[in-house]
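Take a look at the letters that make up each chain.
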Amino acid sequence: AVPLGAQATSPLVSVAWLVEHKNDPNLVILHAGPEEAYAAAHIPGAQLVTANNPATRNLLRAPEAPGKVLEMPDAAKLKADLESLGISDNSQVVVVFDQEWYSPSTRVLMTLWYGGLGERAKLLDGGQAAWVAAGNPVTAVVPTVVRGTVTPRLQASLLATVDEVRAVRPGGNVRIIDA
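Numbering of residues starts from 1 in every chain and runs along the sequence as written. Confidence filtering applies because this is a predicted model: local features only for residues at pLDDT of at least 70, side-chain atom pairs given and counted only at 80 or more, and all residues used for totals across whole chains, interfaces and linings. Excluding hydrogens and water, the side-chain figures rest on all heavy atoms present in the structure.

Draft legend 1. The packing of aromatic side chains, seen in detail. Ring geometry is summarised as follows: Phe, Tyr and Trp rings, the Trp one being its six-membered ring, pair when their centres sit within 6.5 Å, and such pairs are stacked at plane angles under 30 degrees, edge-to-face over 60 and tilted between the two. Per the stated rule, a full pass over the model turns up one aromatic pair. The interplanar angle of 65 degrees and the centroid separation of 5.1 Å between the aromatic rings of F97 and Y102 together place this pair among those described as edge-to-face. Buried means the residue's accessible area, taken with a 1.4 Å probe over protein chains only, is under 20% of the maximum for its type, while exposed means over 50%, and partly exposed covers the values in between. Note on F97: relative accessible area 12%, which makes it buried. Using a relative accessible area of 45% as the deciding quantity, one classes Y102 as partly exposed.

Draft legend 2. A look at the sheet that holds strand β4 (residues 92–97). When DSSP finds two or more bridges between two strands, those strands count as paired. Only runs of H or I of at least four residues qualify as helices and only runs of E of at least two qualify as strands under DSSP, and these elements are numbered from the N terminus. Spatially, β1-β5-β4-β2-β3 is the arrangement adopted by the five strands of the open sheet, whose pairing is parallel. Every other strand in the sheet has two partners, leaving β1 (12–13) and β3 (47–49) as the edge strands with one partner each. Throughout, a residue-residue contact means that at least one pair of heavy atoms, one from each residue, lies within 4.5 Å. Here the axes come from fitting lines to C-alpha atoms, over the contacting stretch only for helices, and the angles between their N-to-C directions go from 0 to 180 degrees. Along the sheet, helix α5 (residues 102–114) makes contact with β2 (27–32), β3, β4 and β5 (121–124), crossing β4 at roughly 165 degrees.

Draft legend 3. Here's a closer look at the pairing of β5. Bridge analysis of β1 against β5 gives two bridges, and the strand direction is parallel. Paired with L12 across the two strands is L123, which belongs to β5. Bridge count for β4 against β5 is three bridges, and the pairing is parallel. Opposite V95, over in β5, you have L123 as the bridge partner. Whether a crossover is right-handed comes down to one check: with the strands pointing away from the viewer, does the path from the first strand over the helix to the second run clockwise; if it does, it is right-handed. Between β4 and its parallel partner β5, the chain crosses via α5, and the hand of that crossover is right-handed.

Draft legend 4. Expanded view of the pattern of salt bridges. A side-chain nitrogen of Lys or Arg and a carboxyl oxygen of Asp or Glu constitute a salt bridge if their distance falls within 4 Å. Counted by the stated rule, this structure contains six salt bridges. For the salt bridge of E119 with K122, the shortest nitrogen-to-oxygen distance reads 2.8 Å. On the accessibility criterion, E119 (36% relative accessible area) is partly exposed. Residue classification places K122 among the buried positions, given a relative accessible area of 1%. Via salt bridges that share partners, K79, E83 and R147 belong to a single interconnected network.

Draft legend 5. Quick look at α5. For α5, spanning 13 residues, the distance from its first C-alpha to its last is 18 Å, which sits close to the expected 18 Å at 1.5 Å a residue. Looking at α5, one finds that the buried residues are S105, R107, V108, L109, T111, L112 and Y114. G116 sits one or two positions beyond α5 and adopts a positive phi of about 105 degrees. The length a helix should cover is 1.5 Å for every residue beyond the first.

Draft legend 6. Main features of the layout of surface pockets. Cavities and pockets were defined on a 1 Å grid built from protein atoms only: a cavity is a group of points that admits a 1.4 Å probe but offers it no way out, a pocket is an open group of points flanked by protein on both sides within 12 Å along at least five of seven lines, and a lining residue is one with an atom within 4 Å of any such point. Grid points are joined across faces, edges and corners, and a volume is the space filled by probe spheres set on the points. The calculated volume of the largest pocket comes to roughly 840 Å³. For the lining of the largest pocket, the secondary-structure elements that each account for two or more residues are α5 and α7 (162–166). Ranked by residue count, the leading element in the lining of the largest pocket is α5, at seven residues. For the lining of the largest pocket, the residue count by class is 17 nonpolar, three polar and four charged. Here the second largest pocket defines a volume of roughly 320 Å³. Looking at the lining of the second largest pocket, the element that brings in the most residues is β2, giving three residues. Grouping the amino acids of the lining of the second largest pocket by side-chain chemistry returns nine nonpolar, nine polar and two charged. Side-chain classes follow a simple rule in which Ala, Val, Leu, Ile, Met, Phe, Trp, Tyr, Cys and Pro form the nonpolar group, Asp, Glu, Lys and Arg form the charged group, and the remainder, Gly included, forms the polar group.

Shown next as structure tokens:
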């Protein structure tokens, strides 16, 4: 078995990797997609990430911050949310996008990286569609989650400050991409 961290050069895990590790006790699968699609079929053990669920809302947007929805949650809020999803310091987390939820799933992944999970948080290459296309099972059963224990280690260096963005000059080595 190849450990999750062994794929250090990629933010992705393959369907084959997930099949091999689906029963690992430290694996947490997060499903980012429409609620009705999740209710109909998701990877066994996957938990729904949606803005309608208080436990996952802050993985997608800043808590109670009108006009600042892209800011990261503070350490205390992030800790509570991650633990409610069963994430612990030794968890390996795979984010699975469903349908065309690329931006929300990427936001979840970035929030996990920001919270200090680093190489222990990956995106399933091809998402739910790739899982199904490979003939793997899906379910409508919502998993029971055992609360985790995590120590957030905020990675502020992953974020640019307003002053850093203002300092960027045309023709320099930094490029800003407005996504």
